[in-house]
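Below are the chains, spelled out letter by letter.
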Amino acid sequence: MAETHVLFVEDDDVIREATQLALERDGFTVTAMPDGLAGLEAFRTDRPDIALLDVMLPGLDGVSLCRRIRDESTVPVIMLSARADSIDVVLGLEAGADDYVTKPFDGAVLVARIRAVLRRFGHAGGVAGDSGLPGQPGEHGVLTFGDLEIDTDGMEVRRAGEPVGLTPTEMRLLLEFSSAPGTVLSRDKLLERVWDYGWGGDTRVVDVHVQRLRTKIGQDRIETVRGFGYKLKA
């Protein structure tokens, strides 16, 4: 099996070199770059399996780099932020990042996050069936919610007949909602099922991804149930 190729963009020499060594000891192939522009060039040249981007980068900051990557690819992106309460965390998620890790980080935690992201990108299970009822798989595994169609076999989404481009994380989130339409799913449950968190996580990750999903499938399609979570309107 080929090794997972990680693009790691970090301007701090000590952090960059230490993290690269730690990741390589865990079996990853690592391309490490010191600034955003070099990171973008490396991404386009090497086509890594996952990108780790520091928020604060010279030349091209991490949020802008994430946005540029997302314009070209659905490759998973994890942002590295020095402050858990930083607005940069939300900006990074809004730019298309799939997760974030707060600095300073433990190497084992970073590896666990990387592997969790890769697991959900490697397979996004659908729901099988043969019913044509709303919210149930119809012909060829197609779920229908009004003008929204979800092809669980082909992992494709259409709205009013037009294709909707979703990242793998957004697709997994939508599949969770569509597997139980009308059922309220808590943020913690979504973190567990979509982000594969076996521990407590930052619910901002869920909130930002739900908002991103709403902009693509319709603002009124996913309802907020205050104090409890979200549900997909059947």
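Let me sum up the structure you'll find in this document. As the structure is a computational prediction, the values presented were derived from the model and not from experiment.

## Quick word on the nonpolar core
And step 1. Within the largest apolar cluster, 50 residues are counted, with the highest numbers of intra-cluster contacts made by Leu53, Met79 and Phe177.
And step 2. With 6 residues, helix H8 (residues 204-217) is the largest single contributor of residues to this core.
And step 3. Not counting residues up to four positions away in its chain, the partners in contact with phenylalanine 177 are Leu185, Leu190, Val210, Leu213, Ile222, Tyr230, Lys231 and Leu232.
And step 4. In terms of nonpolar packing, the next biggest core, distinct from the first, is built from 16 residues, Phe8, Leu52, Phe105 and Phe121 among them.

## Details of the packing of helix H2 (residues 36-46) against helix H3 (residues 62-72)
And step 1. At their nearest, the axes of H2 and H3 sit 10 Å apart, and the two run at 20° to each other. On the basis of their axis angle, the class for H2 and H3 is roughly parallel. Like other packed secondary-structure pairs, H2 and H3 cross with a definite hand, here right-handed. For the pair H2 and H3, contact is made by Gly36, Gly39, Leu40, Phe43 and Arg44 and by Leu65, Arg68, Ile69 and Glu72, respectively.
And step 2. Of the residues that constitute the contact of H2 with H3, the class distribution is 4 nonpolar, 2 polar and 3 charged.

## Things to note about the sheet that holds strand S3 (residues 50-54)
And step 1. The 5 strands are arranged S2-S1-S3-S4-S5 in an open sheet whose pairing can be described as parallel. The sheet is open, and its two borders are formed by strand S2 (29-33) and strand S5 (99-102), each paired with just one other strand. On average, each strand axis in the sheet is tilted by 20° relative to the strand beside it, whichever way the strands run.
And step 2. In this sheet, S2 lies alongside strand S1 (residues 5-9) in parallel orientation, the contact comprising 5 bridges. In the sheet register, phenylalanine 8 faces S2, and the bridge partner there is alanine 32.
And step 3. The strands that helix H5 (residues 107-122) touches are S3, strand S4 (77-81) and S5; relative to S5, the one it contacts most, it runs at about 175°.

The rules behind these values
Residues numbered from 1 in each chain as written. Predicted model: local features only at pLDDT ≥ 70, side-chain atom pairs only at ≥ 80, totals over all residues. Heavy atoms only, no water. Core = buried A, V, L, I, M, F, W, Y, C linked by side-chain atoms within 4.5 Å. Buried < 20%, exposed > 50% of the residue type's maximum accessible area, 1.4 Å probe, protein only. Helix = DSSP H or I, 4+ residues; strand = E, 2+ residues; numbered from the N terminus. Contact = heavy atoms within 4.5 Å. Axes fitted to C-alpha atoms, helices over the stretch in contact; angles between N-to-C directions. Parallel < 35°, antiparallel > 145°, perpendicular 65-115°, else oblique. Left-handed = near helix turned anticlockwise from the far one by under 90°. Nonpolar A, V, L, I, M, F, W, Y, C, P; charged D, E, K, R; others polar. Pairing = 2+ DSSP bridges.

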